[in-house]
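Given next are the chains, with one letter for each unit.
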Amino acid sequence: HNRAHFDNHKVLGINLMSSPGSGKTTLLENIVDMVDFKFAVVEGDLETSRDADRLKAKGINAVQIQTGSACHLDAFMVHKGLHDIRLADIDVCFIENVGNLVCPAEFDTGAGINITILSVPEGDDKPAKYPLVYTVSDVVLINKVDALAVFDFDKELVEKRIHTLNPKAQIFYISAKKDEGFESWINYLKEKMKEWE
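Rules behind the numbers
- Residues numbered from 1 in each chain as written.
- Predicted model: local features only at pLDDT ≥ 70, side-chain atom pairs only at ≥ 80, totals over all residues.
- Heavy atoms only, no water.
- Disulfide = S-S within 2.5 Å.
- Helix = DSSP H or I, 4+ residues; strand = E, 2+ residues; numbered from the N terminus.
- Buried < 20%, exposed > 50% of the residue type's maximum accessible area, 1.4 Å probe, protein only.
- Phe/Tyr/Trp six-rings, centres within 6.5 Å; stacked < 30°, edge-to-face > 60°.
- Pairing = 2+ DSSP bridges.
- Axes fitted to C-alpha atoms, helices over the stretch in contact; angles between N-to-C directions.
- Contact = heavy atoms within 4.5 Å.
- Parallel < 35°, antiparallel > 145°, perpendicular 65-115°, else oblique.
- Salt bridge = Lys/Arg side-chain N within 4 Å of Asp/Glu carboxyl O.

Quick notes on the state of the cysteines
One pass over the structure, following the stated rule, counts one disulfide. Bridging cysteine 71 to cysteine 103, the disulfide has an S-S length of 2.4 Å. Its S-S torsion of about -80° marks the bond between cysteine 71 and cysteine 103 as left-handed, since a negative value means left-handed. Separated by 32 residues along the polypeptide, cysteine 71 in the loop between β3 (61-66) and α4 (75-82) and cysteine 103 in the loop between β4 (92-96) and β5 (113-119) bring together distant segments of the chain. Overall, cysteine 71 belongs to the partly exposed group, its relative accessible area being 24%.

Focus on the packing of aromatic side chains
Scanning all chains against the criterion turns up four aromatic pairs. Centre to centre, the rings of phenylalanine 39 and phenylalanine 94 are 5.3 Å apart; their planes meet at 85°, and the pair counts as edge-to-face. In this pair, phenylalanine 39 sits in strand β2 (residues 39-45) while phenylalanine 94 sits in strand β4, placing the two residues 55 residues apart along the sequence. Here the two residues phenylalanine 39 and phenylalanine 94 agree in accessibility, since each one is buried.

What to know about the sheet that holds β3
Across the sheet, seven strands lie side by side as β3-β2-β4-β1-β5-β6-β7; this open sheet has parallel pairing. Unpaired on one side and paired on the other, β3 and β7 (170-173) mark the two borders of the sheet. Taking each pair of neighbouring strands and ignoring which way they run, the sheet shows an average axis angle of 20°. Relative to β4, β2 runs parallel, the two sharing five bridges. For alanine 40, the partnering residue across the bridge sits in β4 and is cysteine 93. Seen against the sheet, helix α8 (residues 182-194) touches β1 (12-18), β4, β5, β6 (139-143) and β7 and runs at an angle of roughly 170° to β5.

Considerations on the packing of helix α2 (residues 24-31) against α8
Remark: α2 packs on α8, axes separated minimally by 13 Å, with the N-to-C direction vectors making an angle of 80°. Here α2 is positioned roughly perpendicular relative to α8, judged by the angle of their axes. Contacts between α2 and α8 pair Leu27, Asn30 and Ile31 from the former with Phe182, Trp185 and Ile186 from the latter.

With respect to the environment of aspartate 91
With respect to the helices, strands and loops of the structure, aspartate 91 is situated in the loop between α4 and β4. For the pair aspartate 91 and lysine 190, spaced 99 residues apart in sequence, the C-alpha separation works out to 9.9 Å. Those residues within four positions of aspartate 91 in sequence are excluded, and the remaining contacts are Lys10, Val11, Leu12, Phe37, Lys38 and Met193.

Describing the pattern of salt bridges
Counting across every chain of the model gives 11 salt bridges. Note that glutamate 29 and arginine 54 form a salt bridge whose closest N and O atoms lie 2.7 Å from each other. Of this pair, glutamate 29 sits in helix α2 while arginine 54 sits in helix α3 (residues 50-57), and the two are 25 residues apart along the sequence. Lysine 192 is paired through a salt bridge with glutamate 195; the nearest N and O atoms lie 3.6 Å apart. Residue class for glutamate 195 comes out exposed when judged on its relative accessible area of 53%. The network of salt bridges with shared partners includes Glu29, Asp51 and Arg54.

Such coordinate-based values are descriptive only and should not be taken to indicate function.
See the structure below:
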C-alpha cells in the first residue's frame with residue numbers, strides 16, 4: 001500500500017538505515033540546502049522527538065514516529081506517518097529508520113530504495129558482522145571520511161565485503177558534517193527520481 005501511495009504521487013521513498021550515531025539526521029539536515037528537490041522525513045526513534053525537532057528547525061517537514069520497544073519501523077508505522085505528509089508537495093520521502101543494523105533490514109517499508117550509512121568510526125568489519133542490511137541496500141554511504149586518518153579503516157576491504165554480499169550496491173564516500181562528497185550520491189538520487197516521474 002505504501003509503495004502504491006508513493007508511486008501514485010510520483011514520490012521516491014528512501015529507507016535510510018544505520019547504527020545509532022552514524023549521521024542519518026545530520027545528513028538530512030545538510031542536504032536541504034544542496035538539493036533542488038523537495039523532501040519530507042518520517043523519523044523513527046524509540047523515544048523522544050529530538051531528531052524530528054532538529055529537522056523541523058531546518059525547515060524540513062518531519063513526522064516523528066515513536067516506536068516504544070520496537071527496534072525498527074515497519075510498513076504500518078510508516079503509513080501512519082504518511083498521513084501527516086502531503087505527498088503532492090514533495091519529490092522524495094526519506095524514512096529515517098531506527099538506529100539498528102539488524103531489525104530494519106528485515107521489514108519492507110514500501111520504499112523504492114534502501115540506503116545504509118556506515119560511519120568510519122564503526123569500523124570496516126560491519127558488513128561482515130551485520131550482513132543482511134548490506135545485502136538489501138541499493139546504496140552504502142560511508143560517512144565521516146574526514147576521520148579516516150584517525151581510525152583503522154580499510155576502504156578496499158570494506159568495499160570487498162559489501163560487494164561480496166551485494167555486487168550491485170553503489171558506494172559513496174561522504175562527510176555529512178563537513179558537506180564532503182555529496183555531489184555524486186545526490187546525482188544518483190536525481191537519476192532514481194526520474195524513474196518515478
